[in-house]
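Single-letter residue listing:
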Amino acid sequence: MAKTHNEQLVKIPILDFTHQYKLIKEEVEQAVKKVLESGAYILGLNVEAFEEELATYLGCGYVISCANGTDALVLALRALDIGSGDEVITVSHSFFATSEAVALVGATPIFVDIREDDYNIDTTKIENAITKKTKAIIPVHIYGQPCEIEDVIKIARRNNLYVIEDSAQALGAKYNGKFVGTFGDVGTTSFYPTKNLGACGDGGAVFTNDSEIREKICALRVHGSPKRYVHDFIGYNSRLDEIQAAILRIKLKYLDLWNKSRAKIAYLYSDLLKNTGDIVIPVTKKNCTHIFHQYTIRTKKRDELANHLKVKGIDTLIYYPVPIHKQKAFDYLNYKNFHLPVTEKISHEILSLPMYPELSQESQRIVVEEIKRCFV
Ligand SMILES: *Cc1c(COP(=O)(O)O)cnc(C)c1O
């Protein structure tokens, strides 16, 4: 266990929701109580209001909420009529759900490599991966930093492809002053509790400026039903519930503040970690706001460092230890001899440090002290 100055044993978790809850406890408990008393639990006033408030925040036409971020991707793909026989270009360095959604609609994920500086899609590799079957590109804004989304859009327009932005890790981040999730034909996000805007349970949303896409997604999330007992497509049961919407409406008001404190924490980490062994600290690209869903460093001594910190009571995580194209679930794609050099290399080197808006400077200093101890 790491020790503070007065030699107390400490435990530093990778994240801790309890601080945030204390901050908004009264507001949240009031709002939840109101929902409970209202007797309206599904697709009621809070869902409607939250969708409008998030659309206003993002400056996009429509937000359609749903049950989780994976469903948001599935709904987006279905709304664009992507399915069996189609190919979708995406990255292997992401949470599994990005590619899982593609497979769930019957399409095939085609993986391209990432950049070594920001771990986002390498846009110079996209055009080589396009075939006659390609229908869409799903870039992911990984760790809270926008990918080169304007280049992705240009490539898509040139090749007549859709863009679905997986913004699950970057809600509130901007590229050239515009929120990610609003560049593509459709954007998606997740309100899983660990995300920057997290519910107290599952949730997700789709963003679009296109009213037809909106209508289709609204129908798909309720069994393909544009009006009660009329079913135009085979759809899903995928809705955000009123309690989660009521909580998210409160949390949305704090999102910018919390994202700013994440960035402040990140820049202190970077400052303190300068010139420590072979550690590569995260870059923030020009024209981007990085909202540090994760603070992810790289080192050749990753496993040794993770172990050292664990023994000292400091939690770290590897996002993600196994690239998606190496997962057993995708064995059927025959990727055995397929290589993504950057994706594979960094999967052995990345390590995410404790990061949440209320992480104290004292905890950060202990984390850094212990990291330095591992490099002397
Ligand atoms: C969390 C996440 C998802 C999936 O969201 P769920 O709400 O857990 O289904 C998809 N893509 C990325 C990049 C994520 O981080």
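Overview of the structure. (Residues numbered from 1 in each chain as written. Predicted model: local features only at pLDDT ≥ 70, side-chain atom pairs only at ≥ 80, totals over all residues. Heavy atoms only, no water.)

Take the overall build of the protein chain next. Helix and strand counts for the protein chain stand at 12 helices and 13 strands. Computed over C-alpha atoms, the radius of gyration of the protein chain comes to 21 Å, within 12% of the 21 Å expected from 2.2 N^0.38 for 376 residues, which places it in the range of a compact globule. The dimensions of the protein chain, computed from C-alpha atoms along their principal axes, are 65 × 55 × 35 Å. Counting only residues that meet the buried cut, the protein chain has 56% of its 376 residues in that class. The contacts of the protein chain with a sequence gap of at least 6 include a subset with a gap of at least 24, amounting to 70%. As presented, the protein chain carries roughly 17,000 Å² of accessible surface, and 51% of it is formed by carbon and sulfur atoms. Measuring between centres, the 46 positive side-chain charges of the protein chain sit 2 Å from its 47 negative side-chain charges. (Helix = DSSP H or I, 4+ residues; strand = E, 2+ residues; numbered from the N terminus. Rg over C-alpha atoms; globule rule 2.2 N^0.38 Å. Buried < 20%, exposed > 50% of the residue type's maximum accessible area, 1.4 Å probe, protein only. Contact = heavy atoms within 4.5 Å. Areas by Shrake-Rupley, 256 points an atom, 1.4 Å probe, with all protein chains shown as cover. Lys, Arg positive; Asp, Glu negative; His and termini not counted. Charge placed at Lys NZ, Arg CZ, Asp CG, Glu CD.)

This part takes up the packing of aromatic side chains. Evaluation of the coordinates by the stated rule reveals 15 aromatic pairs. Taking the centre distance of 5.5 Å and the plane angle of 90° together, the rings of Tyr319 and Tyr320 count as edge-to-face. When sorted by exposure, Tyr319 lands in the same class as Tyr320, which is buried. Members of the aromatic cluster, each reached through a chain of ring pairs, are Phe96, Phe111, Phe330, Tyr332, Tyr335 and Phe338. Sitting above the plane of the Phe179 ring, Lys174 keeps its charged end 4.8 Å from the centroid. The ring of Phe183 has Lys178 lying over it, and the distance from NZ or CZ to the ring centre is 5.0 Å. (Phe/Tyr/Trp six-rings, centres within 6.5 Å; stacked < 30°, edge-to-face > 60°. Lys NZ or Arg CZ within 6 Å of the ring centre and 35° of its normal.)

Around the ligand, a shell composed of 14 residues is seen, among which Gly69, Thr70, Asp166, Ser190 and Lys195 lie nearest. Gly69 places a main-chain nitrogen or oxygen 2.7 Å from an oxygen atom of the ligand. Thr70 has a polar side-chain atom sitting 2.5 Å from an oxygen atom of the ligand. The fraction of the free accessible surface of the ligand (380 Å²) that becomes covered by protein chains is 93%. Here the shell around the ligand is built from residues that sort into 4 nonpolar, 8 polar and 2 charged. (Near = heavy atom within 4 Å. Polar contact = N/O pair within 3.5 Å; in protein donor to acceptor, adjacent residues only side chain to side chain. Nonpolar A, V, L, I, M, F, W, Y, C, P; charged D, E, K, R; others polar.)

On to helix 1 (residues 18–38), then. For helix 1, the principal kink sits at Ile24 and spans about 70°. Here helix 1 has its buried residues at Gln20, Ile24, Val28, Ala31, Val32 and Val35. Buried-residue contacts for helix 1 involve helix 2 (45–58), helix 8 (242–252) and helix 9 (255–273). Of the residues trailing helix 1, Gly39 is marked for its positive phi of about 75°. (Bend = angle between axes of the 7 residues up to and from the residue.)

Here the focus is the environment of Ile110. Topologically, Ile110 is positioned in strand 5 (residues 108–112). Ile110 sits in the buried class, given a relative accessible area of 16%. Along the sequence, Ile110 and His325 sit 215 residues apart, while their C-alpha atoms lie 9.1 Å from each other.

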